[in-house]
Amino acid sequence: MIRIEQVTKRFGRGAGVRDVCLEIGSGDSVALWGSNGAGKTTLIRCVLGLIPFGGKIRVGGHDVRRRGKHARMLIGYVPQELSFYDEFRVNEAVVFFGRLKGLGALRADGVLGRVGLSGEGRKRIRELSGGMKQRLALAIAMLGDPPILILDEVTASLDACGRREFVSLLSGLCGAGRTMLFASHRLEEIAALAKRVAVLEKGTLERTVDAADFATGIAVGDRGGTVVHLVIPAPARAEAMQVLRSGGLVPTLNGVGVLVRVDENRKAMPFGLLSQAGVRVDDFEVIRSDGHGAAGVHKETP
Amino acid sequence: MNLATFRAGCDLDTGTSETPTVIVPQSLRDATSPLGKGGGQTPGNASGKRSSYDMELCASGHLPPGMARNVLTVAGRELRDAVRAKWFLLYTLAFAGLGLAISFVSASATGGSGLASFGRTTAGMINLVLLVVPLMALTAGAGAIASDRERGMLQYLLAQPVSRSEVYLGKYVGLAFALLACIFLGLGVCAGVLAWTGIGTKPGAVLWLTGLSFGLALGMLSVGMLISSLSRRASVAVGTAVFVWLTLVFVSDLGLMAGAMALRLRIEQLFWLSLVNPLQVFKMWSLHSADASLDVLGPAGLYATEEYGRGLNAIFAAGMLAWVIVPLAIGVLVMNRRAAA
Amino acid sequence: MNGVLGAILISVGGLVARAGDGLPGNDHESPRDRAGLSRAVLTGEIGKRIAGAEEGATIEIGPGVYREHLRIGKRITLVGLPGAILDGAGSGDIVEIAAEGVTIRGFTLRNTGIDLEQENAAIRVLAGRATIEDNVLEDVLFGIDLRGAPDCIIRGNRIGGKALDIARRGDGLRLWRSDRGIIEYNTLHDGRDAILWYSSGITVRGNRSENCRYGLHLMFSDEVVIEDNTLTGNSVGIYLMYSAGVEIARNRLVRNRGPSGYGIGLKETDRFRVQENLITGNRVGVYLDGSPFTAKQPGEFARNIFAFNDIGVTFLPSARGNEFSENNFIDNITQVAVSGRGTLTGNRFWKGEAGNFWSDYTGYDRDGDGIGDFVHESRTLFESLTDRNPAMRLFLFSPTQQAIEFVGRALPAVRPESKFEDEVPRMRPVEIAFAREEAAGGALGLGGAAALLLTAGAGVLVAARRDGGT
């Protein structure tokens, strides 16, 4: 469905992507993984034809540069945060995007009902909460039933509860057979939605791994055990790395915080170290692996 | 559907299946679509494993709508947004208010003698249009692209199956209609007052002036949107638009006057140079079509009348059209070249 | 302005010279002319009837087209019944009156020759006390041409010139040394001039003139009354030269916009009064050059309406001794202009307590006596700029103009001298009864236009809003 061939996009300071090749078949679901600035969003923008780039991208056989309109006809896109005209009513937005997607008379209520927004049609977009906005964006993305869904860190601006709801909604709606490409920092999302994970690092595609192997593979290696994923505000991450290293742990950075392998019985150790050093931890996940390639994510709210 | 339903399907097992098990609430699966359309089979979905929900929302085939339709869709949205915006209300009120003032002042000045001719009323209306319409159209255009880009809306819009030209032209058409409404209301109020006070300005002249004002607005909108498409930030775009407005309204005229006197420009040079300014084109065309002929404008106007006579209409039309089409075309090119965000 | 003036002087000068050479007054009878006319007199039906008539007889001519050239040498009354047409067949004159007291009434005369040198005319009058009444003259080079014919009455005729270039047209009406005539209720269109040469004591009343060169032109003609005429769309409305004792009252001078385009022009004219005229839409409402010519009597302008002219009144520096009172100056682009660098000293814009109404007066009237509390002054920076540099008029009606005028008001340093003052400016226009009927019937149409615009504008708004609320 999506074929990315040697895509290169340079921005001023070396960000962007370089020589990325990726093929996503029909029904495949690929997560883009990498720290901020690794090129996830850039790659998605290239696929959507939003920015000029070198190389070639085909969506459903359409060149996104030459036949971008046809390519995007196959894509439902959910951005990180829906930003659309605040004064617009929810109904209007649905009807508007429905028209752009070639849908004729459309009753917004039914569409909104599917994402839990029934009865909200008369509200203005600015009156919606973050979670409602994202659900509206999803409803819009699903208009016309596109075979491809592209999500760009769709839960980044939601709180823990909103995130859970949204991911379950996604997994419920997207169902089997739909091709997906999404960027995420969250292992739980990858576990729930992805079949494969494409790991980007500084704009290059490092490797593509099976989603099931991924959570363990990335931080834990193949040894099995338990990994704690700590969500830490960006300015404090470097300090957190230092603190954890000096505590004898082996942390790795990702886009929202730090992954650190811990002893199953001493999972709280990193928290102790960090709180002593005065580093704030916003959220965390515990990832367990049986050492044979299967991983599960257990999500807890602090 | 309430959130509880979602939560029911939300507690993902931390289990060990290869593909995550998805629990879809029954209510979701069974929901009937109000669309009632059969879904077309999509190229990416040969397996036929879609849920009923997917099938029902499916568009007929996967062909994007045509250009005209998309332009109209975007235009409709832009127009709706514009007429709700503060600037629209503000400009319409200012336009109509100033028009009212001019009409009443003219009415009291002529003392209701009811003499029909070209006079200060028409001159006042031309002046009003020259001041307000370019400012309105330039700033409206300047906001169109840059502010959307700044707020990420443009990116979201362009991620839909529309082309950039469609978005650009759609915005242009939508804003044009908003300006049309504003101009019609403003000058309509003027005409109403003139009719009521019994000043006999010819109705045809008012309609013609309205048409020309709209032409001017189209040109200035075109320039404003070009500025917008080139600007990264809305504030910069609006600032640039105001600067361009000042230039067109005051600076270029003053410059030309000073230049003409200093360099002793010939009359025909002065005439042609002044035509570079679309405001002058508007003004001369209004005068030319109103009761008074261009010779009101002294030797240069006399030269124009004698040299070109009826051809003047074509000259003015060409000038105005150029100011509509050229910036619009460049704007579309810029839009197509530049990144959406 | 000087160029235009020069052009006029040259053209007028040429006229004088040509008239002096080519028009030897009463002695106009070339042999060729006589021969042609004689043949016509002998052969034509009307000619035979005239030949057979007695002195003082009335001859009625029934309907029909008569291709004849007539010479009337006895005192008769020639009446054309409806449908009686005299056709000149495109050559020569049509009727020549050589005896006193002849009346011609009710004919249609058409199709004279086009020889400007011979001055082919529909009716040439060479003797006094003729009455030319209710005729229709179509497609004629000269219309009615009086030469040394005093005490004539020309009334109710309709005179239409040939569709020729202005330089090849003749005068619709010309009086040459023909005193004490009455010219009334005639209509002239598409001719050259209606002109009086050396003809005094004439009354010109109730005539209309459209699309001619000079609506009415006086040369060396004294004691003339010009009243109730309507002169529209001519090159110049009324132009007086070297004349004295002229009354101009209740005329309408509308849209006379030729290259000079005066409503009324006065050149070296003496003892004149201009009252209650409607002067509107002309290039220059009134043009004053060396008038009044002597200091015997001030030039008097009272109760006129100067409205919507490019320039209300233009003074050449030579114009002194005019008095303007109780006039309405309404929305002339320039109300009063001085040509060149002259001043208006020697002319006055009020007379006792009687000032004028100025639509651009900015003062107010606190004591409510109808007279503005401040002197009306005329000084705008832009106007003084265009007075000096006419090309800058190109920037009229632009915000730039207003910016310049604002600067002129704000900075005393660049403030120009006031051109003139009116010490007792009126707050309201003077009511001038006859001008009111000119009020445009446009109000209804204008209301329609307003309704149209408002409906369309509101329609767009409604459409925009309804479309959204699915």
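Everything that follows concerns the structure shown earlier in this document.
All of these numbers come straight from a predicted model, not from anything done at the bench.

Analysis parameters
- Residues numbered from 1 in each chain as written.
- Chains lettered and ligands numbered in written order.
- Predicted model: local features only at pLDDT ≥ 70, side-chain atom pairs only at ≥ 80, totals over all residues.
- Heavy atoms only, no water.
- Helix = DSSP H or I, 4+ residues; strand = E, 2+ residues; numbered from the N terminus.
- Buried < 20%, exposed > 50% of the residue type's maximum accessible area, 1.4 Å probe, protein only.
- Contact = heavy atoms within 4.5 Å.
- Areas by Shrake-Rupley, 256 points an atom, 1.4 Å probe, with all protein chains shown as cover.
- Pairing = 2+ DSSP bridges.
- Axes fitted to C-alpha atoms, helices over the stretch in contact; angles between N-to-C directions.
- Phe/Tyr/Trp six-rings, centres within 6.5 Å; stacked < 30°, edge-to-face > 60°.
- Lys NZ or Arg CZ within 6 Å of the ring centre and 35° of its normal.

**Observations regarding the overall build of chain A**
Regarding its fold elements, chain A presents ten helices and 15 strands. With 302 residues in all, chain A has 61% of them scored as buried. Here the analysis covers contacts within chain A between residues at least 6 apart in sequence; of these, 67% occur between residues at least 24 apart. Summed over all atoms, the accessible surface of chain A reaches about 11,000 Å², with 46% contributed by carbon and sulfur.

**Observations regarding the sheet that holds strand β3 (residues 29–33) of chain A**
Residue and element names in this part refer to chain A. Read from one edge of the open sheet, six strands run β6-β7-β8-β3-β9-β10, paired in mixed fashion. Edge strands, defined here as strands with exactly one partner in the open sheet, are β6 (75–78) and β10 (204–210). The mean angle between the axes of side-by-side strands here comes to 15 degrees, regardless of whether they run parallel or antiparallel. The pairing of strand β7 (residues 148–152) with strand β8 (residues 179–183) spans five bridges and is parallel. Counterpart to Ile148 in the pairing with β8 is Thr179.

**Here we look at the pairing of strand β24 (residues 236–241) of chain C**
Residues and elements named next belong to chain C. Counting buried residues along β24, six of its six residues qualify, which places the element largely inside the surrounding structure. Sheet analysis places strand β21 (residues 214–219) next to β24, joined by five bridges and oriented parallel. Directly across from His217, in β24, lies its bridge partner Tyr239. Two strands pair when backbone bridges link them, and β24 and strand β27 (residues 262–267) are joined in this way by four bridges, in the parallel orientation. By the bridge assignment, Leu240 is partnered in β27 with Leu266.

**Let's talk about the packing of aromatic side chains**
Considering all chains together, one arrives at 42 aromatic pairs over all chains under this definition. Seen from their ring centres, Phe324 of chain C and Phe329 of chain C are 6.3 Å apart, and the 50 degrees between their planes marks the pair as tilted. Overall, Phe324 of chain C belongs to the buried group, its relative accessible area being 0%. Each member of the aromatic cluster is reached from another via a ring pair, and the members are Phe272, Phe301, Phe306, Phe315, Phe324, Phe329, Phe349, Trp358 and Phe420 of chain C. Over the ring of Tyr85 of chain A we find Arg77 of chain B, and its NZ or CZ is 3.5 Å from the ring centre. The ring of Tyr198 of chain C carries the charged tip of Arg177 of chain C above its face, separated from the ring centre by 4.5 Å.

**Considering the environment of Arg465 of chain C**
Its location among the elements puts Arg465 of chain C in helix α6 (residues 442–468). Its relative accessible area of 48% is what places Arg465 of chain C among the partly exposed residues. Sequence-distant contacts of Arg465 of chain C, defined by excluding residues within four places in its chain, comprise Val83 and Arg84 of chain B.

The values are spatial; any link to function lies outside them.
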